Amino acid sequence: LALALPKQDLQGKNILVTAGPTVEAIDPVRFLSNRSSGKMGYAIAEAAQARGAKVTLVSGPTHLKTPTGVKLISTTSAISMYEAVLEHFSQQDIVIKAAAVGDYRPENPSAVKIKKQEGNLSINLVRNPDILLELGKKKEHQILVGFAAETNNLLEYAKGKLEKKNADLMVANDVSQEGAGFGTDTNTVHIIDRQGKEIKIERASKLEVAHKILDKTLELK
Ligand code: CTP
Ligand code: CA
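It should be emphasised that the depicted structure is a prediction, and the values quoted were computed from it without experimental measurement.

### Considering the side chain of Thr188
And then number 1: Within the secondary structure, Thr188 is located in strand 11 (residues 186-193).
And then number 2: Judged by relative accessible area, which is 7%, Thr188 ranks as buried.
And then number 3: The residues touching Thr188, leaving out its near neighbours within four places in the chain, are Ala172, Asn173, Asp174, Gln177, Gly179, Ala180, Lys200, Ile201, Glu202 and Arg203.

### Structural notes on unusual backbone geometry
And then number 1: Unusually for a residue other than glycine, Asn153 sits at a positive phi of about 45°.
And then number 2: Phi angles above zero are rare outside glycine, and Asn166 is one such case at about 55°.
And then number 3: Tracing the chain through its elements places Asn166 in the loop between helix 4 (154-164) and strand 10 (169-174).
And then number 4: Given a relative accessible area of 27%, Asn166 falls into the partly exposed group.

### Observations concerning the sheet that holds strand 4 (residues 54-59)
And then number 1: Across the sheet, eight strands lie side by side as 5-4-1-6-9-10-11-12; this open sheet has mixed pairing. Edge positions in the sheet fall to strand 5 (71-74) and strand 12 (198-205), since each of these pairs with one other strand and no more. Each adjacent strand pair in this sheet contributes to an overall mean axis angle of 20°, direction not counted.
And then number 2: Relative to strand 10, strand 9 (residues 143-150) runs parallel, the two sharing six bridges. Among the inter-strand pairings, Ala148 is bridged to a residue of strand 10, identified as Ala172.
And then number 3: Here helix 5 (residues 206-219) sits on the sheet and contacts strand 6 (94-97), strand 9, strand 10, strand 11 and strand 12; the angle it forms with strand 12, its principal contact strand, is near 155°.

Rules and cut-offs
- Residues numbered from 1 in each chain as written.
- Chains lettered and ligands numbered in written order.
- Predicted model: local features only at pLDDT ≥ 70, side-chain atom pairs only at ≥ 80, totals over all residues.
- Heavy atoms only, no water.
- Helix = DSSP H or I, 4+ residues; strand = E, 2+ residues; numbered from the N terminus.
- Buried < 20%, exposed > 50% of the residue type's maximum accessible area, 1.4 Å probe, protein only.
- Contact = heavy atoms within 4.5 Å.
- Pairing = 2+ DSSP bridges.
- Axes fitted to C-alpha atoms, helices over the stretch in contact; angles between N-to-C directions.

Encoded structure:
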């Protein structure tokens, strides 16, 4: 039994993890969302909980089971996720932003079902708040870990996001690779720190990758 228990190196830490997609209403029956399954974020929540952290998981809709002992806060739109994260931010030691937050939402969601008409339909999209960017401005003692999902120029874009959002670590995810990114059970990532150091985590289960991300985060202390 002792062997099965992971090290309790996150004992006493409050960790907030965001996971899954955001969902933006177009009308009562239609929405705009993305392909995030939530698996990476849920794996981080599970790993952190197993290592003794008090974990709050802010999640968009997924088909996943909430890990035992983890406090779930369910969200839908980017704005609802933003509000939930900000409400809990001050108490956190570490915030890990694995959610795939939609950059845009329909400007005026219709209260009634939109009926089809002749010709094309245009839906005007407006920008959502950038949650990580806001946290980067507000942070005091918190360690901030962001994710960057890219199909090209992976490390360059991820480094740019690390700087711009004032994060402490960026997990760069090449979503064009097989066995990495959205919906898969495994992931291949690079973890980049503020000194520009990067380490590659070779393809492994999302739970193993989660533990590596937590290891790196603890090394920053
Ligand atoms: N993020 C966020 N709020 C947003 C958009 C992104 O908090 N409105 C966070 C994500 O959770 C992730 C990080 O920012 O941790 C990077 O997200 P990503 O979509 O890769 O970057 P963007 O800055 O949105 O840039 P782009 O989509 O144009 O590549
Ligand atoms: Ca984005």
